[in-house]
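Residues per chain, in single letters:
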Amino acid sequence: MNIEQLSKRLETVVSYIPAGSRIADIGSDHAYLPCYALRKGIAETAIAGEVVKGPYLSAEKQVKDACLQDKIEVRLGNGLEVVAPGEVDCITIAGMGGALIATILEEGKDKLASVKRLILQPNVSAKSIRVWLLQNGWELTAEEIIEEDGKVYEILTADRGESDRPYSEDERQKELLLGPFLMQERNEAFRKKWTQESAQWKNIMSNMEKAEQTDALNERKAELMDKIQMVEEVLSK
């Protein structure tokens with residue numbers, strides 16, 4: 001992967017960046033995404049944020065080698081600390097856990113006033129992001145699920161809008177877990193992900209049966225059973 005040829009995962013993220021955006025890529029690593037977006041004429045300017053010194057230095061070198069220092073600023077800091085209010089209108093966060101992405105958004109709420117779009121790619125727990133979006137006035141407008149090198153990735157796009165629009169009253173818990181758009185499409189990557197997840201939950205429940213039965217354990221088993229049932233209902237369609 002390089003600034004001329006992104007991974008399928010990051011290319012999918014970039015495909016949702018509106019033309020002419022001022023982007024902030026949080027956890028930018030080698031700054032491949034912002035360099036690619038600038039080179040392709042998709043973004044006008046970019047901030048590459050990185051909390052770890054090593055990747056920060058790699059990103060700085062990459063931007064310099066690409067001769068994009070006048071368009072991309074590499075900044076060292078935690079989450080949205082690297083962004084000033086009003087500085088960007090599109091934020092990308094890829095390759096982290098969903099709970100961490102939700103925490104970054106929550107802690108950086110004061111930086112989101114000028115932001116029109118969020119493009120988020122969690123490695124796990126996309127539900128954490130959907131819940132945060134729902135609670136904070138962001139409308140989930142698109143979802144994709146893809147497979148690359150044997151791993152399955154979800155890409156969530158959200159815009160300012162009616163946060164409850166994608167969800168139905170009766171199916172909300174199921175949609176928050178599985179994704180309202182992904183549930184409708186149910187492509188091969190979706191089926192693979194949730195078949196594997198369901199199998200893991202069943203294995204966990206089997207091990208729980210061998211442990212001392214407590215109220216907390218029984219509550220956890222009930223939660224897992226609810227999730228297994230939701231997944232199996234969707235996969236059976």
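Note that the coordinates shown come from a computational prediction; the quantities given were computed from them, not determined experimentally. Here, residues in each chain are numbered from 1, in the same order as that chain's written sequence. Confidence filtering applies because this is a predicted model: local features only for residues at pLDDT of at least 70, side-chain atom pairs given and counted only at 80 or more, and all residues used for totals across whole chains, interfaces and linings. With hydrogens and water excluded, all non-hydrogen atoms of the structure serve as input to the side-chain values.

Asks: Any chance you could explain the pairing of strand β6 (residues 138–148) here in plain terms?
Replies: It is a general feature of regular strands that their side chains alternate between the two faces of the sheet. Residue exposure (1.4 Å probe, protein chains only): buried if accessible area is under 20% of the type maximum, exposed if over 50%, otherwise partly exposed. For the purposes of this entry, the term helix denotes a DSSP run of H or I that reaches at least four residues, the term strand denotes a run of E that reaches at least two, and both are numbered from the N terminus. Burial runs high along β6: eight of the 11 residues are buried. When β6 meets strand β7 (residues 151–160), the two strands line up antiparallel, connected through 10 bridges. By the bridge assignment, Glu143 is partnered in β7 with Leu156. Strands were regarded as paired on the criterion that DSSP finds at least two bridges between them. Linking β6 to β7, which pair antiparallel, is a turn of two residues; within it Asp149 sits at a positive phi near 50 degrees.

Asks: Please clarify how the domain arrangement of the chain should be interpreted in this entry.
Replies: Interfaces are often sized by the accessible area lost when the parts come together. Domain boundaries in the chain define domain 1 (8–167) and domain 2 (189–236). By convention here, the domain bounds are inherited from an automatic or database domain assignment. Taking the mean C-alpha position of each, domain 1 and domain 2 sit 31 Å from one another. Note on contacts: a residue pair is in contact if any heavy atoms of the two residues lie within 4.5 Å. With six residues of domain 1 in contact, the opposing surface of domain 2 contributes four residues. In what follows, salt bridge is the name for a side-chain nitrogen of Lys or Arg lying within 4 Å of a carboxyl oxygen of Asp or Glu. For the pair domain 1 and domain 2, the interface holds two salt bridges. Across the pair Glu154 and Lys193 runs a salt bridge whose closest N-O atoms are separated by 3.5 Å. Here a polar contact means two N or O atoms within 3.5 Å. Within protein one must be a hydrogen donor candidate and the other an acceptor candidate, and residues neighboring in sequence count only if both atoms are side-chain atoms. Run the count over domain 1 and domain 2 and you get one residue pair in polar contact (both at pLDDT 80 or more). In terms of residue count, the dominant contributor to the side of domain 1 that touches domain 2 is β6 (three residues).

Asks: Please explain empty space enclosed by the protein as it appears in this structure.
Replies: The definitions used throughout rest on a 1 Å grid laid over the protein atoms alone, on which a cavity is an enclosed set of points accommodating a 1.4 Å probe that cannot get out and a pocket is an open set flanked by protein within 12 Å on both sides along at least five of seven lines; lining residues are those having an atom within 4 Å of a point. Grid points are joined across faces, edges and corners, and a volume is the space filled by probe spheres set on the points. All chains considered together, the criterion is met by one cavity of 30 Å³ or more. Computed from the structure, the largest cavity encloses a volume of approximately 40 Å³. If you go around the largest cavity, the residues you meet are Pro122, Asn123, Val124, Ala126, Val152, Tyr153, Glu154 and Lys193. Among the elements that line the lining of the largest cavity, the one with the most residues is β7, at three residues. Residue classes follow a fixed rule: Ala, Val, Leu, Ile, Met, Phe, Trp, Tyr, Cys and Pro count as nonpolar, while Asp, Glu, Lys and Arg count as charged, and any other residue, Gly among them, counts as polar. Split by residue class, the lining of the largest cavity holds five nonpolar, one polar and two charged.

Asks: Could you clarify how one ought to interpret the pattern of salt bridges in this entry?
Replies: Side chains bearing opposite charge may pair, as long as their charged atoms lie close to each other. As enumerated under the stated definition, the model contains 19 salt bridges in all. The residue Arg75 makes a salt bridge to Glu73 at a minimum N-O spacing of 3.1 Å. The exposure class of Arg75 is buried, given its relative accessible area of 18%. A salt bridge links Arg117 to Asp159; the shortest N-O distance between them is 2.7 Å. In this pair, Arg117 is assigned in strand β5 (residues 117–122) and Asp159 in strand β7, connecting sequence segments 42 residues apart.

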